[in-house]
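# Structural characterization, general
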Amino acid sequence: MRSTVLLCTAALAVSGCAGNTATGTASSPPPAQTEAIPDPAARRSSLNGLPESTTFTKLNGLPTDSKQYKSLTGTVVRPLRAKALHTRPEGPTVAVLPTTQLGGPTWVPVLETVPGWQRVLLPSKPNHSTAWLSDEGLETAHTPYAVRVRTGKRRLTLYKSGEPVGTWPVAVGADGTPTPPGWTFVLASMSQKAPSRTGPVVLPVGAHSATLDTFGGGPGTVAFHGWPDQKVFGKAASHGCVRVPEAALKALTLVPLGSPVLITS
């Protein structure tokens, strides 16, 4: 598998990635790194050889989010070291959550909390996969931001502390390659090395196409990105990604990693 990982109509090399921190006062991503990122698909963790939960992996034996439209609280967590993922508190370990995703820090949203444990949304296939993490070795933060995409209306709204701060027309997936519905989250912030029609920054989310197993050599990861042709906005025209106007992309780069994204019809 090559290092192109996104479900965008242009091939985007994962050669320089940067992430904002999960705080209420997030800043724009720092300049892109120059070194290439190793292919995560071949990586295995040091925890008993278990697979890592990344956008490249498909995990079996984990529960999925059965309450996909329940509101999230904005609580996000980051593993300070590779953390075992459990099917339930004190349950079997089936995978590992690494400390980084696509060159930036791993931040994932919390779905549920019980004493000593956090249930989180994962970036792996199948969509809406979840797992439990023990509290030990986790950093906890809160993001006031949330993103809502309405595929039927083809509009994106950015919220801060529950209040809309911007709404824009966008292009969503075409009928044969729809943008997948349900809760997901901002997984990474990737700066482009050179001028691109998808804009200076691409923002992958923790969801994948339901109709394309791979795209451009990668796993069909959905992302927010720009587009030069203004006529596309308001249409169902992409392979699953959400194409956004320049102003929307600029606003989205301020959204902390791990922030929830809700995609509905």
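Worth saying up front: this structure is predicted, and the values here are computed from it rather than measured.

Before going further, it helps to examine the layout of surface pockets. In this model, the largest pocket occupies a volume close to 290 Å³. The wall of the largest pocket is formed by 19 residues, among which S71, L72, A146, Y159 and W183 lie closest to the centre. With four residues, the top contributor of residues to the lining of the largest pocket is strand β10 (residues 145-150). Here the lining of the largest pocket is built from residues that sort into ten nonpolar, seven polar and two charged.

In sheet architecture, strand pairing relies on hydrogen bonds along the backbone and comes in two forms, parallel and antiparallel. Overall, mixed pairing links the four strands, which are arranged β15-β16-β17-β19 in an open sheet. A single partner strand is all that each edge strand has here, and the edge strands are β15 (190-191) and β19 (242-243). Where β15 lies against strand β16 (residues 201-208), two bridges are found, and the strand directions are antiparallel. Residue pairing for β16: S191 is matched across the bridge by V201.

Before going further, it helps to spend a moment on the environment of G166. Along the chain, the position of G166 falls in strand β12 (residues 163-169). Given a relative accessible area of 14%, G166 falls into the buried group.

Counting all residues, the mean pLDDT for the chain is 84, and 79% of those residues have values of 70 or more. Of the regions scoring below 50 in pLDDT, residues 1-42 engages in 123 contacts with residues more than four places distant in sequence or in other chains.

Pairing in this open sheet of five strands is mixed, and the strands run β12-β11-β10-β20-β14 from one edge to the other. Only two strands of the sheet have a single partner each, and these edge strands are β12 and β14 (182-185). Taken over all neighbouring pairs, the strand axes of this sheet differ in orientation by 20 degrees on average, direction set aside. Of the strand pairs in this sheet, β14 and strand β20 (residues 260-264) are connected by four bridges, and their pairing is antiparallel. The partner of G182 across the bridge, within β20, is I263.

The next thing to look at is the packing of aromatic side chains. Enumeration according to the criterion identifies zero aromatic pairs in this entry. Its guanidinium or amino end placed over the ring of W227, R243 lies 3.8 Å from that ring's centre, counting from NZ or CZ.

Counting residues in hydrophobic clusters, the biggest one holds 28 residues, and the most contacted among them are V147, V149, L156, L158, F224, V244 and L252. Only β10, β11 (155-160), β16, β17 (221-225), α1 (246-252) and β20 provide two or more residues apiece to this core. Among the nonpolar cores identified, the runner-up in size contains 24 residues, and V108, L111, A131 and L187 belong to it.

With that out of the way, let us pick up unusual backbone geometry. The omega torsion of the bond from K125 to P126 falls at -5 degrees, within 30 degrees of zero and hence cis. Tracing the chain through its elements places P126 in the loop between β7 (117-121) and β8 (130-134). One non-glycine residue, R154, lies in the positive phi region at around 55 degrees. With respect to the helices and strands, the residue R154 is situated in the loop between β10 and β11. For S161, which is not a glycine, the phi torsion comes out positive at approximately 55 degrees. Looking at where S161 falls in the secondary structure, it is placed in the loop between β11 and β12.

Definitions and cut-offs
- Residues numbered from 1 in each chain as written.
- Predicted model: local features only at pLDDT ≥ 70, side-chain atom pairs only at ≥ 80, totals over all residues.
- Heavy atoms only, no water.
- 1 Å grid on protein atoms, 1.4 Å probe; cavity = no way out; pocket = protein on both sides within 12 Å on 5 of 7 lines; lining within 4 Å.
- Points joined across faces, edges and corners; volume = space filled by probe spheres on them.
- Helix = DSSP H or I, 4+ residues; strand = E, 2+ residues; numbered from the N terminus.
- Nonpolar A, V, L, I, M, F, W, Y, C, P; charged D, E, K, R; others polar.
- Pairing = 2+ DSSP bridges.
- Buried < 20%, exposed > 50% of the residue type's maximum accessible area, 1.4 Å probe, protein only.
- pLDDT = per-residue confidence, 0-100.
- Contact = heavy atoms within 4.5 Å.
- Axes fitted to C-alpha atoms, helices over the stretch in contact; angles between N-to-C directions.
- Phe/Tyr/Trp six-rings, centres within 6.5 Å; stacked < 30°, edge-to-face > 60°.
- Lys NZ or Arg CZ within 6 Å of the ring centre and 35° of its normal.
- Core = buried A, V, L, I, M, F, W, Y, C linked by side-chain atoms within 4.5 Å.

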